[in-house]
Amino acid sequence: MANEDSPSHVRIYPQCGACGFAFTPGDRIVALVGKYDSTFDAAYDAFTFPDSAYCTQSHRYPFSFCRFPSCDRCASAAESATAHKDCLLLFLRASKAQDQRLATPALLEMLWTAAIWRKPWPAAPRLGLAPDVDVSRGMRFAAKACGQLKIAGLAELSWMIYQRSQQSSLWRYTSSLDLALLLLESKQDEVSSVPIDKIHAWRRGYPATMKDYADKPSYYSADKPIIRLTVDSQGLQCIERLGGGFIESSTPRSDSTAYVVEPAEYFSDVHFAIPQPLLTRLRVPAKGFYIWDTPYPPPLQQCLVDSAYKPPSSRLTTIQTRTCTGITFFISSTGSLLGIHAHTSNQPSAQETFESLPRRQQNAVMWVYVPIWDEITAFGISEPRSKADRASVVSQTCVLVRLKLGGDVFVGPYHYKQPQRFLLTEQPLALIYEKPEIIPVSFIGIHSACHKAKQISLALPFHGSPPFEKAYFSSAPLEDVSSIRIFNEMEAQACRGIVIQYVNGSQRALGQCRVGIDRDQIVMRPRRLCLASFALGRSYTGDQLYGTKVESSTTLHHKHDRTDWACNELRGVLRFWFKNQQTKLELYERT
Ligand SMILES: [Zn+2]
Ligand SMILES: [Zn+2]
Ligand SMILES: [Zn+2]
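Described below are features of the structure shown in this document. (Residues numbered from 1 in each chain as written. Chains lettered and ligands numbered in written order. Predicted model: local features only at pLDDT ≥ 70, side-chain atom pairs only at ≥ 80, totals over all residues. Heavy atoms only, no water.)

Turning our eyes to something else, we now look at the overall build of the protein chain. Secondary structure summary: the protein chain contains 10 helices and 35 strands in total. In the protein chain, which comprises 591 residues, the share counted as buried stands at 52%. Counting contacts in the protein chain only where the partners sit at least 6 residues apart, residues at least 24 apart contribute 66% of the total. Surface summary for the protein chain: the accessible area is close to 28,500 Å², and the carbon and sulfur share equals 51%. (Helix = DSSP H or I, 4+ residues; strand = E, 2+ residues; numbered from the N terminus. Buried < 20%, exposed > 50% of the residue type's maximum accessible area, 1.4 Å probe, protein only. Contact = heavy atoms within 4.5 Å. Areas by Shrake-Rupley, 256 points an atom, 1.4 Å probe, with all protein chains shown as cover.)

This paragraph deals with the coordination of the zinc ion (ligand 3). With distances of 2.0 to 2.3 Å, the protein atoms coordinating the zinc ion (ligand 3) are Cys530 (SG), His558 (NE2), His560 (NE2) and Cys567 (SG). Bound by four donor atoms, the zinc ion (ligand 3) shows angles of 101 to 121° at the metal and therefore tetrahedral coordination geometry. Considered as a linear motif, the donors of the zinc ion (ligand 3) on their single chain read C-x27-H-x1-H-x6-C. Linking Cys530 in strand E31 (residues 528-538) with His558 in the loop between strand E32 (544-553) and strand E33 (566-569), this pair joins segments that are 28 residues apart in sequence. (Donors = N, O, S within 2.8 Å, 3.2 Å for Na, K, Ca; no water. Tetrahedral: all angles 85-135°; square planar, octahedral: opposite > 155°, others 65-115°.)

Only Cys16 (SG), Cys19 (SG), His84 (ND1) and Cys87 (SG) from the protein coordinate the zinc ion (ligand 1), and they sit 2.1 to 2.3 Å from it. For the zinc ion (ligand 1), the four donor atoms are set out with angles of 102 to 124° between them, so the coordination reads as tetrahedral. When the donors of the zinc ion (ligand 1) are listed by position in the chain, the intervening gaps give C-x2-C-x64-H-x2-C. What makes His84 buried here is its relative accessible area of 2%. Among the residues examined, Cys87 registers a relative accessible area of 0% and is labelled buried.

To continue, consider the packing of helix H3 (residues 104-116) against helix H6 (residues 169-186). The contact between H3 and H6 brings their axes to 11 Å, and the two run at 105°. In terms of their interaxial angle, H3 and H6 are classed as roughly perpendicular. On H6, the residues touching Met110, Leu111 and Ala114 of H3 are Leu179, Leu183 and Leu184. Of the residues that constitute the contact of H3 with H6, the class distribution is six nonpolar, no polar and no charged. (Axes fitted to C-alpha atoms, helices over the stretch in contact; angles between N-to-C directions. Parallel < 35°, antiparallel > 145°, perpendicular 65-115°, else oblique. Nonpolar A, V, L, I, M, F, W, Y, C, P; charged D, E, K, R; others polar.)

Attention now goes to the nonpolar core. Among the nonpolar cores identified, the biggest contains 48 residues, and Ile12, Leu32 and Phe65 are the most heavily contacted of them. Those elements that provide at least two residues to this core are strand E2 (28-34), strand E3 (40-48), strand E5 (80-84), helix H2 (85-98), H3, helix H4 (135-146) and H6. Tallying contributions element by element places H3 first for this core, with eight residues. Not counting residues within four places of it along the chain, the set of residues in contact with Leu32 comprises Phe40, Ala42, Ala43, Glu79, Ser80, Ala81, Ala83, Leu88, Leu108, Leu111 and Trp112. One finds Ile372, Ile444, Ile446 and Leu529 within the second-largest nonpolar core, a separate group that totals 46 residues. (Core = buried A, V, L, I, M, F, W, Y, C linked by side-chain atoms within 4.5 Å.)

Coordinates in, geometry out; function isn't part of it.
This is the structure we're talking about:
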């Protein structure tokens, strides 16, 4: 039972404190709850992981489970963690198998400590880092269970199996077991804390190299040393002190590690637990630090498009504009930017980013793909309408991507009554953004070679109202086309999106192109584009909804089964209106 110290809110986190994997809605979960004196209280059945911010409250506990973003009551509560119920049971069983003297309450406290220490400091933002699973150990379990011992020795095959079965409970169990063994190995009674000024370097599993920098103020001013912290799924992994501002790294960016890179002087109040801990974390001032997905982040001050707004300490993700082949923006039907995926050779499909969205958002999200086959010369973000807009969640963010050959690409709801105003940054090198859990992207910045943003008004492509309410708009010229790639929705065979490639090598995308997901058909050197509108059904307000079938081919002579096709040669401009399943395609002569 909880005592007086029990918090009024108990946070339900999106990742398991035992195995490190993200929960899927419906998973059975347990809350490990601490007290305000930083000791462990108890484990509580937290029922199933919810698909939204609303948690099950049908219990008699003296607190509420909570997932609401930026919740003050969660922030002021004692620390808690969340675990899969079966991971917790496996952790207890595996630990007791190693040492029978260990009692359940002591083991639960060990698990709670390890789970909350996955954050590098208590108020650190959620990092969502993928766990580093011992794949060969997992394969040995699986091989032993099914009597196929030879399989376990094939490293490449093991890795392929892991890549294709990451949702399997085998990997969750392997990861939970790894944690149990690590904790038993690192069990230590005496842990003391020292200022980070006394640490020269440290890596998990090794003793810290000590050197006292605290009484050397001239060192700071002369060389401006930098401290870089590396964090992985298990928490703080490495501390480095880099002299002379030299922070270059061969690691471009990572989904499994995160980094804090700040001048050493910012760490004067930061304390670190010794001796040679396998798991540890820092005590940092309330302000915290920015956490990046790259060990070599751009200077934040140079990324602020709107210099009046600097985001609070948070997790920032980077997209290198010169190495990605496209960007998919996930936009809600109300115009909020729910996610961003950078297409690269390692991550050609946006499916993983899509799956990281809550299921309710997945059902109504639009995929707006911007192929980048030539150079981005400028990147624009719609100007915040008010201070309140800027300080709160970025709502209805519109994005302008200016391509050297492809021209201006507009992403966002179409405002036909007035020109859209943008803050445009030229020569962009990287896009940086913050995506908190559940809520939309809350900050976008641009790192550029020129460090300056200018205001522009984007002229409307034409005057007139959209064909249906809150429609999204895309358009592309149909001259000098070298290929047309049509993305069809599987069941209705309705066209969801089109990518047009031009003779000069540039590309334009229209509608929703779910690259790597939807069935697509490419027509090289197309001569015609045929469109047929058809009824999709009715909206909940009774309005008739329409979809569109699209065909293209290399010859002008052709026949259709039905008579309602509009056949067009390739000239003029194609306008593609879309919202969820609805589409309307129109061809216009160039004005
Ligand atoms: Zn788990
Ligand atoms: Zn709360
Ligand atoms: Zn036709």
